[in-house]
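Chain residues, written in single-letter form:
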Amino acid sequence: MRKILLSLVLTVMVLGLEAQNIRDEIRDNIRCSAGNYLAYPGPTQLKLTPAPEGKHPFYISHYGRHGSRYLIGVNDYEAPYETMAEADSLGKLTPLGKDVLQRLDIIRKDARDHYGELTRLGALQHQQIMRRMVDRFPEVFADGSGVDARSTTSLRVILSMENALMQLSRMCPKVVIHHNATQRDMYYLCQSDPRLEAMRNDSATQALLNGFNQRYDTSSRLMQSLFNDTAYVRQHIDAAKFDHYLFELASSLQSTSLTLQMTLYDLFTDDELYNHWKKSNAWWYVNCGFCPTSGGEQPYSQRNLLRKIINDADSCILLPQPGAHLRYGHDTMLLPLVCLLEIDNYELATNDLESLDRKGWVNYKVIPMAGNLQIIFYRSSPDDTDVLIKVLLNEKEVHLPLKSFDGPYYRWNDFRKYYLNKLDAYEK
(Lines give C-alpha, C1' and ligand atoms only; values in the text may rest on other atoms or scores of the structure.)
Protein backbone atom coordinates (compact mmCIF):
# COMPACT_ATOMS: atom_id res chain seq x y z
CA MET A 1 0.00 0.00 0.00
CA ARG A 2 2.84 2.36 0.84
CA LYS A 3 4.40 1.80 -2.60
CA ILE A 4 1.05 2.49 -4.28
CA LEU A 5 0.60 5.73 -2.36
CA LEU A 6 4.14 6.81 -3.20
CA SER A 7 3.51 6.08 -6.88
CA LEU A 8 0.32 8.14 -6.83
CA VAL A 9 2.08 11.05 -5.15
CA LEU A 10 4.88 10.97 -7.74
CA THR A 11 2.36 10.83 -10.58
CA VAL A 12 0.51 13.87 -9.23
CA MET A 13 3.81 15.73 -8.84
CA VAL A 14 4.84 14.93 -12.43
CA LEU A 15 1.48 15.97 -13.86
CA GLY A 16 1.59 19.18 -11.87
CA LEU A 17 5.10 19.89 -13.15
CA GLU A 18 3.96 19.38 -16.77
CA ALA A 19 1.08 21.81 -16.26
CA GLN A 20 3.47 24.28 -14.68
CA ASN A 21 5.71 23.94 -17.73
CA ILE A 22 2.97 25.29 -20.00
CA ARG A 23 2.27 28.08 -17.53
CA ASP A 24 6.00 28.83 -17.50
CA GLU A 25 6.18 28.82 -21.28
CA ILE A 26 3.39 31.38 -21.46
CA ARG A 27 4.94 33.52 -18.73
CA ASP A 28 8.33 33.42 -20.48
CA ASN A 29 6.78 34.12 -23.89
CA ILE A 30 3.38 35.74 -23.42
CA ARG A 31 2.73 35.47 -27.16
CA CYS A 32 2.13 31.74 -26.66
CA SER A 33 -1.06 32.63 -24.78
CA ALA A 34 -2.44 33.58 -28.20
CA GLY A 35 -2.86 29.90 -29.11
CA ASN A 36 -3.72 29.74 -32.82
CA TYR A 37 -2.88 33.46 -33.12
CA LEU A 38 0.77 32.82 -32.24
CA ALA A 39 2.97 34.16 -35.02
CA TYR A 40 5.07 31.30 -36.39
CA PRO A 41 8.10 31.03 -34.08
CA GLY A 42 10.25 29.07 -36.52
CA PRO A 43 11.64 25.57 -36.02
CA THR A 44 12.69 24.56 -32.53
CA GLN A 45 14.68 21.60 -33.89
CA LEU A 46 17.56 22.96 -35.91
CA LYS A 47 19.32 19.66 -36.66
CA LEU A 48 17.28 16.79 -38.06
CA THR A 49 18.06 13.10 -37.60
CA PRO A 50 20.13 11.84 -40.55
CA ALA A 51 18.40 9.42 -42.91
CA PRO A 52 19.22 5.71 -42.64
CA GLU A 53 22.24 4.72 -44.69
CA GLY A 54 21.64 4.76 -48.42
CA LYS A 55 18.26 6.54 -48.24
CA HIS A 56 17.70 9.96 -49.78
CA PRO A 57 14.71 12.34 -49.79
CA PHE A 58 12.83 12.30 -53.10
CA TYR A 59 9.29 13.57 -52.42
CA ILE A 60 7.47 15.84 -49.94
CA SER A 61 3.78 15.87 -49.09
CA HIS A 62 2.78 19.05 -47.27
CA TYR A 63 -0.20 20.78 -45.68
CA GLY A 64 0.24 24.30 -44.34
CA ARG A 65 -1.91 26.89 -42.66
CA HIS A 66 -1.93 30.42 -44.04
CA GLY A 67 0.48 32.89 -42.47
CA SER A 68 -0.17 35.69 -40.00
CA ARG A 69 -3.30 37.71 -40.72
CA TYR A 70 -5.48 40.48 -39.43
CA LEU A 71 -8.55 39.53 -37.41
CA ILE A 72 -11.37 38.51 -39.71
CA GLY A 73 -14.34 40.73 -38.80
CA VAL A 74 -14.84 44.49 -38.65
CA ASN A 75 -16.48 44.08 -35.23
CA ASP A 76 -13.29 42.52 -33.89
CA TYR A 77 -11.83 46.03 -34.10
CA GLU A 78 -14.78 48.41 -34.02
CA ALA A 79 -16.89 46.83 -31.25
CA PRO A 80 -14.35 47.20 -28.41
CA TYR A 81 -13.42 50.69 -29.60
CA GLU A 82 -17.06 51.80 -29.69
CA THR A 83 -17.67 50.35 -26.23
CA MET A 84 -14.83 52.38 -24.76
CA ALA A 85 -15.58 55.50 -26.80
CA GLU A 86 -19.16 55.57 -25.50
CA ALA A 87 -17.96 55.06 -21.91
CA ASP A 88 -15.44 57.85 -22.39
CA SER A 89 -18.16 60.23 -23.59
CA LEU A 90 -19.95 59.59 -20.29
CA GLY A 91 -16.84 60.03 -18.15
CA LYS A 92 -16.66 56.34 -17.23
CA LEU A 93 -13.04 55.55 -18.12
CA THR A 94 -10.07 55.42 -15.78
CA PRO A 95 -6.77 56.97 -16.90
CA LEU A 96 -5.70 53.53 -18.09
CA GLY A 97 -9.01 53.19 -19.92
CA LYS A 98 -8.40 56.45 -21.75
CA ASP A 99 -4.94 55.25 -22.77
CA VAL A 100 -6.36 51.95 -24.05
CA LEU A 101 -9.00 53.84 -26.04
CA GLN A 102 -6.22 55.68 -27.88
CA ARG A 103 -4.45 52.40 -28.61
CA LEU A 104 -7.64 50.82 -29.92
CA ASP A 105 -8.15 53.76 -32.25
CA ILE A 106 -4.68 53.25 -33.76
CA ILE A 107 -5.24 49.48 -34.08
CA ARG A 108 -8.63 49.76 -35.79
CA LYS A 109 -7.34 52.35 -38.27
CA ASP A 110 -4.38 50.13 -39.14
CA ALA A 111 -6.72 47.17 -39.78
CA ARG A 112 -9.41 49.05 -41.71
CA ASP A 113 -10.25 47.23 -44.98
CA HIS A 114 -7.63 44.57 -44.23
CA TYR A 115 -9.94 42.25 -42.29
CA GLY A 116 -8.77 38.64 -42.57
CA GLU A 117 -5.95 39.54 -44.96
CA LEU A 118 -2.42 38.20 -44.89
CA THR A 119 0.05 40.56 -43.23
CA ARG A 120 3.63 41.22 -44.36
CA LEU A 121 4.81 38.92 -41.61
CA GLY A 122 2.49 36.18 -42.90
CA ALA A 123 4.07 36.45 -46.35
CA LEU A 124 7.57 36.33 -44.88
CA GLN A 125 6.74 33.23 -42.81
CA HIS A 126 5.93 31.18 -45.90
CA GLN A 127 8.98 32.43 -47.76
CA GLN A 128 11.18 31.34 -44.87
CA ILE A 129 9.48 27.95 -44.47
CA MET A 130 10.05 27.24 -48.17
CA ARG A 131 13.65 28.39 -47.97
CA ARG A 132 14.33 25.95 -45.14
CA MET A 133 12.48 23.16 -46.96
CA VAL A 134 14.73 23.59 -50.01
CA ASP A 135 17.87 23.90 -47.87
CA ARG A 136 17.04 20.76 -45.91
CA PHE A 137 15.85 18.61 -48.83
CA PRO A 138 17.54 19.91 -52.00
CA GLU A 139 17.24 16.52 -53.74
CA VAL A 140 13.45 16.91 -53.81
CA PHE A 141 13.74 20.17 -55.75
CA ALA A 142 16.38 19.12 -58.27
CA ASP A 143 16.21 20.54 -61.78
CA GLY A 144 13.21 19.19 -63.64
CA SER A 145 11.29 18.16 -60.52
CA GLY A 146 7.59 18.92 -60.44
CA VAL A 147 5.74 20.81 -57.72
CA ASP A 148 1.96 20.77 -57.58
CA ALA A 149 0.59 23.44 -55.21
CA ARG A 150 -3.07 23.80 -54.25
CA SER A 151 -4.82 26.36 -52.07
CA THR A 152 -8.28 26.92 -50.68
CA THR A 153 -10.11 29.81 -52.28
CA SER A 154 -9.40 32.15 -49.36
CA LEU A 155 -7.27 35.13 -50.43
CA ARG A 156 -4.92 34.90 -47.44
CA VAL A 157 -4.31 31.24 -48.21
CA ILE A 158 -3.72 31.89 -51.91
CA LEU A 159 -1.19 34.61 -51.06
CA SER A 160 0.54 32.30 -48.57
CA MET A 161 0.96 29.72 -51.33
CA GLU A 162 2.17 32.33 -53.81
CA ASN A 163 4.81 33.66 -51.42
CA ALA A 164 6.13 30.14 -50.87
CA LEU A 165 6.22 29.50 -54.61
CA MET A 166 7.99 32.78 -55.34
CA GLN A 167 10.68 31.77 -52.87
CA LEU A 168 10.91 28.33 -54.47
CA SER A 169 11.22 29.75 -57.99
CA ARG A 170 14.00 32.09 -56.85
CA MET A 171 15.97 29.23 -55.34
CA CYS A 172 15.12 26.54 -57.90
CA PRO A 173 14.28 28.21 -61.21
CA LYS A 174 14.29 24.90 -63.11
CA VAL A 175 11.58 23.27 -60.97
CA VAL A 176 8.31 22.92 -62.88
CA ILE A 177 5.52 24.50 -60.81
CA HIS A 178 1.77 24.03 -61.25
CA HIS A 179 -0.56 25.87 -58.84
CA ASN A 180 -4.27 26.50 -58.49
CA ALA A 181 -6.99 27.64 -56.10
CA THR A 182 -10.29 26.16 -57.19
CA GLN A 183 -13.58 25.12 -55.66
CA ARG A 184 -12.95 21.65 -57.08
CA ASP A 185 -10.21 21.02 -54.49
CA MET A 186 -12.21 22.20 -51.51
CA TYR A 187 -13.62 18.73 -50.79
CA TYR A 188 -10.25 17.75 -49.33
CA LEU A 189 -8.51 21.08 -48.64
CA CYS A 190 -11.42 22.45 -46.59
CA GLN A 191 -13.86 19.62 -46.00
CA SER A 192 -17.14 20.36 -44.24
CA ASP A 193 -19.17 17.71 -42.44
CA PRO A 194 -22.66 18.70 -41.17
CA ARG A 195 -22.90 15.57 -39.01
CA LEU A 196 -19.68 16.31 -37.12
CA GLU A 197 -20.56 20.01 -36.89
CA ALA A 198 -23.87 19.13 -35.25
CA MET A 199 -22.09 16.92 -32.72
CA ARG A 200 -19.74 19.67 -31.62
CA ASN A 201 -22.53 22.23 -31.41
CA ASP A 202 -25.04 20.16 -29.45
CA SER A 203 -26.22 21.05 -25.95
CA ALA A 204 -23.96 18.56 -24.13
CA THR A 205 -20.84 19.87 -25.85
CA GLN A 206 -21.73 23.48 -25.19
CA ALA A 207 -22.51 22.68 -21.55
CA LEU A 208 -19.06 21.10 -21.17
CA LEU A 209 -17.33 24.16 -22.59
CA ASN A 210 -19.49 26.69 -20.74
CA GLY A 211 -18.94 24.92 -17.44
CA PHE A 212 -15.20 24.93 -18.00
CA ASN A 213 -15.09 28.59 -19.01
CA GLN A 214 -17.09 29.71 -15.98
CA ARG A 215 -14.32 28.45 -13.71
CA TYR A 216 -11.95 31.02 -15.17
CA ASP A 217 -13.07 34.59 -14.72
CA THR A 218 -10.64 36.79 -16.62
CA SER A 219 -12.75 39.94 -16.80
CA SER A 220 -13.59 41.24 -13.30
CA ARG A 221 -10.24 42.82 -12.45
CA LEU A 222 -9.84 44.10 -16.02
CA MET A 223 -13.18 45.93 -15.91
CA GLN A 224 -12.18 47.68 -12.69
CA SER A 225 -8.89 48.80 -14.23
CA LEU A 226 -10.56 50.32 -17.32
CA PHE A 227 -13.88 51.68 -16.02
CA ASN A 228 -14.51 53.84 -12.95
CA ASP A 229 -18.17 52.90 -12.45
CA THR A 230 -19.01 49.29 -11.61
CA ALA A 231 -22.76 49.92 -11.95
CA TYR A 232 -22.20 51.22 -15.50
CA VAL A 233 -20.20 48.11 -16.39
CA ARG A 234 -22.85 45.84 -14.92
CA GLN A 235 -25.69 47.55 -16.80
CA HIS A 236 -24.10 48.38 -20.15
CA ILE A 237 -21.16 46.10 -20.88
CA ASP A 238 -20.95 42.38 -21.56
CA ALA A 239 -17.75 42.00 -19.56
CA ALA A 240 -16.85 38.50 -20.78
CA LYS A 241 -17.35 39.42 -24.44
CA PHE A 242 -15.45 42.70 -24.10
CA ASP A 243 -12.61 40.91 -22.31
CA HIS A 244 -12.46 38.40 -25.17
CA TYR A 245 -12.30 41.18 -27.76
CA LEU A 246 -9.36 42.80 -25.98
CA PHE A 247 -7.50 39.52 -25.57
CA GLU A 248 -7.87 38.66 -29.26
CA LEU A 249 -6.62 42.12 -30.21
CA ALA A 250 -3.66 41.68 -27.86
CA SER A 251 -2.95 38.29 -29.43
CA SER A 252 -3.22 39.47 -33.02
CA LEU A 253 -0.89 42.48 -32.69
CA GLN A 254 2.13 40.18 -32.97
CA SER A 255 1.14 39.46 -36.58
CA THR A 256 1.17 43.12 -37.65
CA SER A 257 3.72 45.92 -37.89
CA LEU A 258 2.13 47.55 -34.82
CA THR A 259 3.79 44.95 -32.62
CA LEU A 260 6.88 47.19 -32.67
CA GLN A 261 4.88 50.18 -31.44
CA MET A 262 2.48 48.96 -28.78
CA THR A 263 1.01 46.08 -26.83
CA LEU A 264 -2.23 45.21 -25.07
CA TYR A 265 -0.72 42.37 -23.07
CA ASP A 266 -0.01 44.81 -20.26
CA LEU A 267 -3.75 44.79 -19.50
CA PHE A 268 -3.64 41.19 -18.31
CA THR A 269 -1.94 39.42 -15.42
CA ASP A 270 0.09 36.25 -15.95
CA ASP A 271 -2.77 34.19 -14.52
CA GLU A 272 -5.30 35.85 -16.81
CA LEU A 273 -3.17 35.18 -19.89
CA TYR A 274 -2.79 31.54 -18.89
CA ASN A 275 -6.50 31.20 -18.22
CA HIS A 276 -7.42 32.81 -21.52
CA TRP A 277 -5.20 30.26 -23.23
CA LYS A 278 -6.74 27.39 -21.25
CA LYS A 279 -10.22 28.38 -22.43
CA SER A 280 -9.07 28.70 -26.02
CA ASN A 281 -7.18 25.40 -25.88
CA ALA A 282 -10.28 23.65 -24.52
CA TRP A 283 -12.39 25.07 -27.36
CA TRP A 284 -9.96 23.73 -29.95
CA TYR A 285 -9.84 20.34 -28.29
CA VAL A 286 -13.63 19.97 -28.15
CA ASN A 287 -14.00 21.10 -31.77
CA CYS A 288 -11.02 19.34 -33.35
CA GLY A 289 -9.87 16.59 -31.01
CA PHE A 290 -11.17 13.19 -29.96
CA CYS A 291 -13.28 14.65 -27.13
CA PRO A 292 -15.95 12.03 -26.27
CA THR A 293 -18.61 14.66 -25.47
CA SER A 294 -18.40 16.14 -28.99
CA GLY A 295 -18.69 12.67 -30.49
CA GLY A 296 -15.14 11.39 -30.25
CA GLU A 297 -14.84 11.62 -34.05
CA GLN A 298 -14.04 15.25 -34.89
CA PRO A 299 -10.61 14.57 -36.46
CA TYR A 300 -12.34 12.47 -39.12
CA SER A 301 -13.46 15.77 -40.63
CA GLN A 302 -10.10 15.53 -42.44
CA ARG A 303 -10.55 12.02 -43.79
CA ASN A 304 -10.66 13.29 -47.39
CA LEU A 305 -7.41 15.18 -46.88
CA LEU A 306 -5.61 12.18 -45.40
CA ARG A 307 -6.87 9.88 -48.16
CA LYS A 308 -5.74 12.42 -50.76
CA ILE A 309 -2.29 12.60 -49.16
CA ILE A 310 -1.99 8.81 -49.35
CA ASN A 311 -3.28 8.49 -52.92
CA ASP A 312 -1.07 11.29 -54.22
CA ALA A 313 1.96 9.74 -52.57
CA ASP A 314 1.23 6.31 -54.04
CA SER A 315 1.19 7.87 -57.50
CA CYS A 316 4.37 9.89 -56.96
CA ILE A 317 6.35 6.95 -55.62
CA LEU A 318 6.07 5.41 -59.10
CA LEU A 319 7.84 8.39 -60.66
CA PRO A 320 11.63 8.74 -60.97
CA GLN A 321 11.63 12.40 -59.88
CA PRO A 322 8.26 13.36 -58.37
CA GLY A 323 9.05 16.57 -56.43
CA ALA A 324 6.37 17.77 -54.01
CA HIS A 325 2.69 18.30 -53.33
CA LEU A 326 2.11 21.54 -51.43
CA ARG A 327 -1.35 22.14 -49.96
CA TYR A 328 -2.45 25.34 -48.21
CA GLY A 329 -5.45 25.83 -45.95
CA HIS A 330 -6.50 26.61 -42.40
CA ASP A 331 -5.97 25.76 -38.73
CA THR A 332 -9.37 24.05 -38.62
CA MET A 333 -7.96 21.47 -41.05
CA LEU A 334 -4.39 21.16 -39.80
CA LEU A 335 -5.21 20.48 -36.14
CA PRO A 336 -7.74 17.67 -36.74
CA LEU A 337 -5.35 16.17 -39.33
CA VAL A 338 -2.62 16.01 -36.68
CA CYS A 339 -5.10 14.38 -34.28
CA LEU A 340 -6.24 11.92 -36.94
CA LEU A 341 -2.61 10.93 -37.53
CA GLU A 342 -2.24 10.38 -33.75
CA ILE A 343 0.95 12.43 -33.74
CA ASP A 344 2.62 12.49 -30.33
CA ASN A 345 -0.26 12.80 -27.82
CA TYR A 346 -2.85 14.53 -29.98
CA GLU A 347 -5.01 11.39 -30.21
CA LEU A 348 -5.98 12.11 -26.59
CA ALA A 349 -9.60 11.27 -25.74
CA THR A 350 -10.91 12.76 -22.48
CA ASN A 351 -13.72 14.86 -21.10
CA ASP A 352 -11.40 16.28 -18.45
CA LEU A 353 -10.57 19.63 -20.03
CA GLU A 354 -8.42 20.51 -17.02
CA SER A 355 -5.95 17.79 -17.99
CA LEU A 356 -5.19 18.94 -21.54
CA ASP A 357 -1.99 20.87 -20.88
CA ARG A 358 -0.80 18.22 -18.39
CA LYS A 359 -1.16 15.61 -21.11
CA GLY A 360 0.56 17.65 -23.81
CA TRP A 361 -2.47 18.73 -25.85
CA VAL A 362 -1.36 22.29 -26.62
CA ASN A 363 -2.86 24.20 -29.55
CA TYR A 364 -0.05 26.68 -30.15
CA LYS A 365 2.41 23.84 -30.74
CA VAL A 366 0.34 22.66 -33.71
CA ILE A 367 -1.49 25.61 -35.28
CA PRO A 368 0.44 28.84 -34.95
CA MET A 369 0.06 31.14 -37.93
CA ALA A 370 1.78 29.32 -40.85
CA GLY A 371 1.71 26.01 -38.96
CA ASN A 372 2.64 23.14 -41.27
CA LEU A 373 2.94 19.39 -41.64
CA GLN A 374 5.61 17.91 -43.92
CA ILE A 375 5.91 14.22 -44.80
CA ILE A 376 9.36 13.55 -46.25
CA PHE A 377 9.80 10.40 -48.39
CA TYR A 378 13.11 8.52 -48.68
CA ARG A 379 14.48 5.75 -50.88
CA SER A 380 17.83 4.62 -52.27
CA SER A 381 16.78 4.70 -55.94
CA PRO A 382 13.60 4.82 -58.07
CA ASP A 383 13.63 1.00 -57.98
CA ASP A 384 13.69 0.87 -54.18
CA THR A 385 10.28 -0.35 -52.96
CA ASP A 386 11.17 -0.05 -49.26
CA VAL A 387 10.17 3.61 -49.02
CA LEU A 388 10.65 5.37 -45.68
CA ILE A 389 9.01 8.52 -44.38
CA LYS A 390 9.64 11.09 -41.68
CA VAL A 391 6.97 13.51 -40.44
CA LEU A 392 7.74 17.08 -39.43
CA LEU A 393 5.22 19.16 -37.51
CA ASN A 394 6.22 22.81 -37.67
CA GLU A 395 9.59 21.58 -38.95
CA LYS A 396 10.18 19.33 -35.93
CA GLU A 397 10.39 15.53 -36.05
CA VAL A 398 7.41 13.80 -34.45
CA HIS A 399 6.32 10.27 -33.66
CA LEU A 400 3.56 8.15 -35.18
CA PRO A 401 1.64 5.19 -33.68
CA LEU A 402 3.66 2.80 -35.85
CA LYS A 403 6.69 0.58 -35.42
CA SER A 404 9.72 2.73 -36.05
CA PHE A 405 12.18 1.64 -38.71
CA ASP A 406 14.89 3.84 -37.23
CA GLY A 407 14.21 6.75 -34.86
CA PRO A 408 11.70 9.13 -36.50
CA TYR A 409 11.68 7.08 -39.74
CA TYR A 410 8.81 4.75 -40.63
CA ARG A 411 7.98 2.48 -43.56
CA TRP A 412 5.52 4.01 -46.00
CA ASN A 413 3.73 0.69 -46.43
CA ASP A 414 3.09 0.58 -42.67
CA PHE A 415 1.81 4.16 -42.76
CA ARG A 416 -0.60 3.66 -45.66
CA LYS A 417 -1.91 0.33 -44.32
CA TYR A 418 -2.56 1.68 -40.83
CA TYR A 419 -4.34 4.86 -41.90
CA LEU A 420 -6.29 3.38 -44.81
CA ASN A 421 -7.61 0.72 -42.46
CA LYS A 422 -8.51 3.44 -39.99
CA LEU A 423 -10.34 5.49 -42.62
CA ASP A 424 -12.11 2.45 -44.06
CA ALA A 425 -13.32 1.38 -40.62
CA TYR A 426 -14.72 4.85 -39.93
CA GLU A 427 -16.43 5.19 -43.29
CA LYS A 428 -18.15 1.81 -42.86
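Here, every reference points to the structure presented above.
Below: a short report on this structure. Small disclaimer: the values here were computed from a predicted structure and weren't measured.

### Some details on the pairing of strand E3 (residues 176–180)
Reasoning step 1: As defined by bridge partners, strand E2 (residues 146–151) adjoins E3 across five bridges and the pair is classed as parallel. Paired with valine 147 across the strands is isoleucine 177, a residue of E3.
Reasoning step 2: As for the winding sense of the linkage, the β-α-β connection from E2 through helix H5 (residues 155–171) to E3 is right-handed.

### Considerations on the environment of tyrosine 418
Reasoning step 1: In this fold, tyrosine 418 is placed in helix H15 (residues 412–427).
Reasoning step 2: A relative accessible area of 31% places tyrosine 418 in the partly exposed class.
Reasoning step 3: Along the chain, tyrosine 418 and glutamate 347 lie 71 residues apart, while their C-alpha atoms are 15 Å from each other.
Reasoning step 4: Those residues in contact with tyrosine 418 that lie beyond four places of it in its chain are Glu342, Pro401 and Leu402.

### Observations regarding helix H13 (residues 303–317)
Reasoning step 1: For H13, spanning 15 residues, the distance from its first C-alpha to its last is 21 Å, which sits close to the expected 21 Å at 1.5 Å a residue.
Reasoning step 2: Of the positions making up H13, those classed as buried are Arg303, Leu305, Leu306, Ile309, Ile310, Asp312, Ala313, Cys316 and Ile317.

### Focus on the pairing of strand E6 (residues 388–393)
Reasoning step 1: The buried fraction of E6 is high, at six of six residues.
Reasoning step 2: Judged by which residues are buried, E6 turns out to be covered on both faces: Leu388, Lys390 and Leu392 on one side and Ile389, Val391 and Leu393 on the other are all buried.
Reasoning step 3: Pairing of strand E5 (residues 372–379) with E6, which is carried by six bridges, proceeds in the antiparallel orientation. Counted as the bridge partner of leucine 373 is leucine 393 from E6.
Reasoning step 4: Relative to strand E8 (residues 409–411), E6 is paired through three bridges, and the arrangement is antiparallel.

Calculation notes
Residues numbered from 1 in each chain as written. Predicted model: local features only at pLDDT ≥ 70, side-chain atom pairs only at ≥ 80, totals over all residues. Heavy atoms only, no water. Pairing = 2+ DSSP bridges. Helix = DSSP H or I, 4+ residues; strand = E, 2+ residues; numbered from the N terminus. Right-handed = clockwise from strand over helix to strand, strands pointing away. Buried < 20%, exposed > 50% of the residue type's maximum accessible area, 1.4 Å probe, protein only. Contact = heavy atoms within 4.5 Å. Expected span 1.5 Å × (residues − 1).

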